[in-house]
Amino acid sequence: MSRVERRLRRRRRRRGVLVMGLLLALVGAVVFQALQWSAAREEKAVPPGQEVTITVASGQSSVEIGRALREAGVVDSVNRFRDVASERGLDSLLKPGTYKLVTGMSIDAVLDLLAKGPRTGVQLTIPEGWTVAQIAAKLATTGHFTKAEVDKALKSKDLIVNYRPKGETSLEGLLFPDTYGIERDDTPASVLQDMLIQLEVVLSRFQLSTAPRKLNPYQVLIVASMIEREAKVDADRPKIAAVIYNRLAAGKKLEVDATVQYAVGHSRLTLKDLGSSSPYNTYVHAGLPPTPIASPGEAAIQAALQPADGDWLYYVLASKEGEHAFTRSYEEFQRLKAQARAKGLL
C-alpha cells in the first residue's frame with residue numbers, strides 16, 4: 001500500500017470517528033431534552049379531581065384551548081384534544097367564557113362543557129319530551145321575551161338548523177332538552193340557536209352512520225321522539241326501539257299512541273282519535289311520522305341508535321311504575337292488554 005493510500009485511509013477513519021461522535025452527541029442531547037421535558041411534566045402533574053378555573057377567549061383555536069387545559073391538568077394531550085374536537089365537529093362550537101373544571105377530566109366531557117358554554121344568567125330548563133309549543137310557551141314566560149318575539153324567532157331564516165330536511169320548517173325534535181342560561185343580551189333566536197347547537201353536541205357522541213335500517217339523523221330523531229314519549233322507565237327505551245324497528249321490517253303499521261296524541265292534542269285517546277287522518281296517526285299511515293313528535297333526550301337518542309336485541313312486535317303498560325311488557329305474539333298482546341285494563345292501567 002502506498003503512502004498516499006495509507007494517508008487517505010487514516011483520514012477516512014478519523015472522519016468516521018468524528019461523524020460517529022457527532023451522532024452520539026446529538027442522540028445524547030435529544031435523550032437529555034426528553035428526560036428534562038418528562039421531568040418537567042411530572043413536576044407540573046396535578047392530582048385528578050382538583051377544581052380549576054379556565055378562561056376561553058373569543059377566537060381561540062382548539063390547539064390554544066388544549067394547551068391551557070393541559071397546563072392546568074384538565075387533559076393530558078393537546079393533540080388528542082384537538083383531534084377529538086375535530087372528529088366530533090366541535091372546533092367552531094367551543095364557546096368563550098370562564099369555566100370551573102376539574103383535573104383529570106375526559107376530553108369528551110370537557111368538549112361537552114365548552115360547546116355548551118358557561119352556565120350564567122337566568123336558568124331555563126327544558127324537560128325531555130317537550131314539544132316546540134311547550135318550549136315556546138316556557139320561553140315566553142321567562143320575563144325576557146314576548147310570545148310574538150318567540151313565535152317570530154321560531155320561523156327565523158337566520159337560525160342554523162342542521163339535520164332538518166330541505167323544505168321542512170318545523171323545529172320539532174331539534175331543540176335539545178337541557179338547562180340553559182339566558183343573558184341580558186340574548187334574543188329568543190339566540191336561545192333557540194343554543195338548543196340547536198346542543199343537539200349537535202349530543203349527536204356528535206354517536207356514530208350516526210351506523211343507525212338501524214340506515215336511517216338518516218332526522219329519522220333517528222323521529223324514532224327517538226316516539227321512544228321518549230312512550231317509555232316511562234329507562235330499561236324500556238331500547239326495547240321500545242326494537243319494537244319500532246321490528247314492525248318497520250315486518251311492514252306493519254307502528255300503532256304508537258304517542259303519535260296520535262301529538263296529532264289530536266290530548267292523551268286520552270278514543271276510537272275516533274285512532275281513525276284520525278292526520279299524517280302523524282301511525283294506526284292509519286305506515287312508516288314513520290313526518291317529523292319528530294317531541295324533543296328526545298340523550299337516552300332516547302341512544303336507544304334509537306342501539307335498540308335491544310329482541311323479536312318483540314308489541315308492548316303494553318304493565319305496572320303503575322310505568323314498566324311495559326313485551327311480546328311477539330298478538331294473542332299474548334291481547335291477554336296483556338286485558339290484564340292492564342283490569343289493573344286500571346289503560
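Predicted, not measured: the structure shown is a model, and the values here were computed from it. (Residues numbered from 1 in each chain as written. Predicted model: local features only at pLDDT ≥ 70, side-chain atom pairs only at ≥ 80, totals over all residues. Heavy atoms only, no water.)

**Student:** Just checking my understanding: could you explain the overall build of the protein for this structure?
**Tutor:** Along its length, the protein carries 13 helices and six strands. In the protein, which comprises 346 residues, the share counted as buried stands at 41%. Intrachain contacts of the protein at a sequence separation of at least 6 include 64% that bridge at least 24 residues. Total accessible area on the protein is roughly 19,500 Å²; 52% of this is exposed by carbon and sulfur atoms. (Helix = DSSP H or I, 4+ residues; strand = E, 2+ residues; numbered from the N terminus. Buried < 20%, exposed > 50% of the residue type's maximum accessible area, 1.4 Å probe, protein only. Contact = heavy atoms within 4.5 Å. Areas by Shrake-Rupley, 256 points an atom, 1.4 Å probe, with all protein chains shown as cover.)

**Student:** Which parts of the structure should I look at to understand the pattern of salt bridges?
**Tutor:** Oppositely charged side chains are able to pair whenever their charged atoms sit close together. Going through the model one piece at a time under the given rule, you end up with twelve salt bridges. Residue Asp83 is joined to Arg82 by a salt bridge in which the shortest nitrogen-to-oxygen separation is 3.0 Å. Assessed through its relative accessible area of 33%, Asp83 is described here as partly exposed. By relative accessible area, Arg82 is classed as partly exposed at 32%. A salt bridge links Glu298 to Arg205, with the nearest nitrogen and oxygen atoms 2.4 Å apart. Placement of Glu298 in helix α12 (residues 298–305) and of Arg205 in the loop between α7 (188–203) and α8 (217–230) is noted, with a sequence separation of 93 residues between them. (Salt bridge = Lys/Arg side-chain N within 4 Å of Asp/Glu carboxyl O.)

**Student:** What's the story with the packing of helix α9 (residues 237–250) against α12 in this structure? I'm lost.
**Tutor:** For any two helices packed against each other, the geometry is given by the interaxial angle and the distance between the axes. It is at 8 Å that the axes of α9 and α12 come closest, and there the two elements cross at 45°. Overall, the two elements α9 and α12 adopt an arrangement that is oblique. Classified by chirality, the crossing of α12 by α9 is right-handed. On α12, the residues touching Arg237, Pro238, Ala241 and Tyr245 of α9 are Ala299, Ala300, Ala303 and Ala304. Looking at the contact of α9 with α12 residue by residue, the classes come out as seven nonpolar, no polar and one charged. (Axes fitted to C-alpha atoms, helices over the stretch in contact; angles between N-to-C directions. Parallel < 35°, antiparallel > 145°, perpendicular 65-115°, else oblique. Left-handed = near helix turned anticlockwise from the far one by under 90°. Nonpolar A, V, L, I, M, F, W, Y, C, P; charged D, E, K, R; others polar.)

**Student:** Hey, could you run me through the side chain of Asp112 in this one?
**Tutor:** Looking at the secondary structure, you find Asp112 in helix α4 (residues 107–116). Once residues lying within four places of it in the same chain are set aside, the contact partners of Asp112 are Arg88, Val201 and Arg205.

**Student:** Teacher, can you tell me more about the packing of aromatic side chains here?
**Tutor:** Note on aromatic pairs: each is described by the distance of the centres and the angle between the planes. Applying the stated rule across the entire model yields six aromatic pairs. In textbook terms, an aromatic cluster arises when at least three aromatic residues are bridged by ring pairs, as seen for Trp312, Tyr315 and Phe326. Lys116 extends its terminal NZ or CZ atom over the ring of Tyr180, reaching a point 5.5 Å from the ring centre. (Phe/Tyr/Trp six-rings, centres within 6.5 Å; stacked < 30°, edge-to-face > 60°. Lys NZ or Arg CZ within 6 Å of the ring centre and 35° of its normal.)

**Student:** Looking at this structure, how should I read the nonpolar core?
**Tutor:** Across soluble globular proteins, nonpolar side chains show a tendency to be buried alongside one another. In this structure, Met195, Ile227 and Ile301 are the most contacted members of the largest nonpolar core, which totals 58 residues. Secondary structure elements with two or more residues in this core: α5 (132–139), α6 (147–154), β4 (179–182), α7, α8, α9 and α12. Discounting residues that sit within four places of it in the chain, Met195 has contacts with Leu124, Ile126, Ile135, Leu174, Leu175, Phe176 and Tyr180. Counting 24 residues, the second-largest nonpolar core is a separate cluster that includes Ala72, Ala85, Leu114 and Ile197. (Core = buried A, V, L, I, M, F, W, Y, C linked by side-chain atoms within 4.5 Å.)

**Student:** Any chance you could explain unusual backbone geometry here in plain terms?
**Tutor:** With glycine set apart, most residues show a phi of negative sign, and most peptide bonds adopt trans. In this structure, Tyr163 takes a positive phi of about 80° despite not being glycine. Topologically, Tyr163 is positioned in the loop between α6 and β4. Given the relative accessible area of 29%, Tyr163 is considered partly exposed. Positioned with a positive phi, Lys214 is a non-glycine residue whose angle comes to about 55°. Counting through the fold element by element, Lys214 comes out in the loop between α7 and α8.

**Student:** Whenever I open this one, helix α3 (residues 78–87) confuses me. Can you help?
**Tutor:** In an α-helix, one turn spans 3.6 residues; hence positions three or four apart end up facing the same way. For α3, the full list of buried residues reads Val78, Phe81, Val84 and Ala85. Angularly, the buried residues of α3 cover 135° about the axis, an arc narrow enough to put them on a single face. On its buried face, α3 is in contact with α2 (62–71) and α4. Between the side-chain oxygen of the N-cap and the backbone nitrogen of Asn79 there are 3.5 Å, and the N-cap of α3 in question is Ser77. Phi turns positive one or two residues past the end of α3, at Gly89, with a value near 70°. (Arc of directions from axis to C-beta. Polar contact = N/O pair within 3.5 Å; in protein donor to acceptor, adjacent residues only side chain to side chain.)

**Student:** Hey, could you run me through the confidence of the model for the protein in this one?
**Tutor:** Residues shown with low pLDDT carry predicted positions that ought not to be read at fine detail. Looking at the protein as a whole, the pLDDT averages 90, with 87% of positions reaching at least 70. Counting interchain partners and residues more than four positions distant, the pLDDT-below-50 stretch residues 38–43 has two contacts. (pLDDT = per-residue confidence, 0-100.)

**Student:** I tried to follow the side chain of Ser278 on my own but got confused; where do I start?
**Tutor:** As for its position among the elements, Ser278 is in the loop between α11 (271–274) and α12. Setting aside its immediate chain neighbours within four residues, Ser278 contacts Ala263 and His285.

**Student:** Even after reading the chapter, I still don't get the packing of α3 against α4, so can you show me in this structure?
**Tutor:** It is the contact of α3 with α4, at a shortest axis distance of 10 Å, that shows an interaxial angle of 60°. One finds that α3 runs oblique with respect to α4. Here α3 runs over α4; the crossing is right-handed. Facing α3, whose interface residues are Arg80, Phe81, Val84 and Ala85, α4 presents Ile107, Asp108, Val110, Leu111 and Leu114. Per-class residue counts for the contact of α3 with α4 are seven nonpolar, no polar and two charged.

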